[in-house]
Amino acid sequence: MRVTRRVQREALLSVLVISSVFLAGWAFYLAFHLPASYRAEHWRVAWIGFDVAQSVLLIATAWAIWQRRVILILFAISSAIFFLADAWFDLTTARGGDVTQSVLAATCIEIPAAIALLLVARRAVQVVANEWWRAVTGKDAPPPSRLTLHALADSVESSRDEQ
């Protein structure tokens, strides 16, 4: 039995919506049942592992930009998410004198770096979409915020029909 793209898309959408509802309920449950504080046994391993992963992602992003590879979109977005998560956990776990340092790191380094990486990814999406769109239609693509997968697929199919 062959599963159509429509069925795959609907199944994925269902899983994502159900997961989102489940996670919202789980977060609500945790809000009332988690202890106010908790001593982590592997605190260093968690932070070192996180920082190493973040470093690897940044190196991968730099490599992809240097090599002009489309995968930079994935690496840049992943790096941005790591910066935002780093800022979140720095701010929410800071205590005492660490709060000022965490706020400064978040506002001066982590959040601006995440924004810059997201802008790099957005620009790369624009370039890729424009190249594909121009190759198929001979015109510039609409902005990424208005470009749909259907529009791209339809333009490819109409281009094939003309040939």
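Criteria and cut-off values
- Residues numbered from 1 in each chain as written.
- Predicted model: local features only at pLDDT ≥ 70, side-chain atom pairs only at ≥ 80, totals over all residues.
- Heavy atoms only, no water.
- Helix = DSSP H or I, 4+ residues; strand = E, 2+ residues; numbered from the N terminus.
- Rg over C-alpha atoms; globule rule 2.2 N^0.38 Å.
- Salt bridge = Lys/Arg side-chain N within 4 Å of Asp/Glu carboxyl O.
- Buried < 20%, exposed > 50% of the residue type's maximum accessible area, 1.4 Å probe, protein only.
- Core = buried A, V, L, I, M, F, W, Y, C linked by side-chain atoms within 4.5 Å.
- Contact = heavy atoms within 4.5 Å.
- 1 Å grid on protein atoms, 1.4 Å probe; cavity = no way out; pocket = protein on both sides within 12 Å on 5 of 7 lines; lining within 4 Å.
- Points joined across faces, edges and corners; volume = space filled by probe spheres on them.
- Nonpolar A, V, L, I, M, F, W, Y, C, P; charged D, E, K, R; others polar.
- Expected span 1.5 Å × (residues − 1).
- Axes fitted to C-alpha atoms, helices over the stretch in contact; angles between N-to-C directions.
- Parallel < 35°, antiparallel > 145°, perpendicular 65-115°, else oblique.
- Left-handed = near helix turned anticlockwise from the far one by under 90°.
- pLDDT = per-residue confidence, 0-100.
- Phe/Tyr/Trp six-rings, centres within 6.5 Å; stacked < 30°, edge-to-face > 60°.

To continue, consider the overall build of the chain. If you tally the helices and strands in the chain, you get five helices and zero strands. In sequence order, the chain lays out its α and β elements as α-α-α-α-α. In terms of C-alpha radius of gyration, the chain reaches 21 Å, well past the compact-globule figure of 15 Å for 163 residues. Once the C-alpha set of the chain is aligned to its principal axes, its extents read approximately 70 × 40 × 25 Å.

Let us now look at the pattern of salt bridges. Inspection of the entire model under this criterion finds three salt bridges. Between Arg 6 and Glu 10 there is a salt bridge; the shortest N-O distance is 3.2 Å. Taken together, the positions of Arg 6 and Glu 10, both in helix α1 (residues 5–33) and four residues apart, correspond to about one turn of that helix. On the basis of relative accessible area, Arg 6 is assigned to the exposed category, the value being 62%. Arg 39 is paired through a salt bridge with Glu 41; the nearest N and O atoms lie 3.5 Å apart. By relative accessible area, which is 64% here, Arg 39 ends up exposed.

Attention now moves to the nonpolar core. Nonpolar side chains tend toward joint burial in soluble globular proteins. Among the nonpolar cores identified, the biggest contains 14 residues, and Phe 75, Phe 83 and Leu 117 are the most heavily contacted of them. For this core, the secondary-structure elements that each account for two or more residues are α2 (43–67), α3 (72–93) and α4 (98–137). The element contributing the most residues to this core is α3, with six residues. Aside from chain neighbours lying at most four places away, what touches Phe 75 is Leu 57, Ala 60, Thr 61 and Ala 64.

Summarising the element assignment, Asp 86 is placed in helix α3. Setting aside residues no more than four positions away along its own chain, Asp 86 makes contact with Trp 47, Phe 50, Asp 51, Gln 54 and Glu 110.

When its volume is computed, the largest pocket comes out at roughly 1,100 Å³. If you trace the largest pocket, you find 25 residues lining it, with Trp 43, Trp 47, Phe 89, Thr 93 and Ala 94 closest to the centre. Secondary structure elements with two or more residues in the lining of the largest pocket: α2, α3 and α4. In the lining of the largest pocket, the residues fall into 13 nonpolar, six polar and six charged.

With that settled, consider α3. Between the first and last C-alpha of α3 there are 31 Å, a value that for 22 residues agrees with the 32 Å anticipated at 1.5 Å per step. Those residues of α3 not exposed but buried are Leu 72, Ile 73, Phe 75, Ala 76, Ser 79, Ala 80, Phe 83, Asp 86, Ala 87 and Asp 90. The secondary structure elements touched by the buried residues of α3 are α2 and α4.

Each pair of packed helices can be summarised by the angle the axes make with each other and by the distance between the axes. At a closest axis distance of 8 Å, the pairing of α3 and α4 adopts a crossing angle of 160°. In terms of orientation, α3 and α4 fall into the roughly antiparallel class. Crossing of α3 over α4 shows left-handed handedness. Looking at the contact of α3 with α4 residue by residue, the class counts come to 21 nonpolar, two polar and three charged.

Chain-level statistics for the chain give a pLDDT mean of 89 and a share of 91% at 70 or above. When mean pLDDT is taken per element in the chain, α3 scores highest with 97 and helix α5 (residues 149–162) scores lowest with 62.

As a further point, take the packing of aromatic side chains. Taken as a whole and assessed by the stated rule, the structure comprises five aromatic pairs. Ring geometry for Trp 43 and Trp 47: centres 6.0 Å apart, planes at 65°, overall edge-to-face. Taken together, the residues span about one helical turn, with Trp 43 and Trp 47 both in helix α2 at a distance of four residues. The exposure class of Trp 43 is partly exposed, given its relative accessible area of 44%. With relative accessibility at 18%, the residue Trp 47 sits in the buried group. Summarising the aromatic geometry, the rings of Trp 47 and Phe 50 are spaced 6.0 Å apart at their centres and angled 70° between planes, so their arrangement reads as edge-to-face. On the criterion of helical spacing, the pair formed by Trp 47 and Phe 50 is a turn pair, its members being three residues apart in helix α2. Taken together, the ring pairs in this structure connect Trp 43, Trp 47, Phe 50 and Phe 82 into an aromatic cluster.

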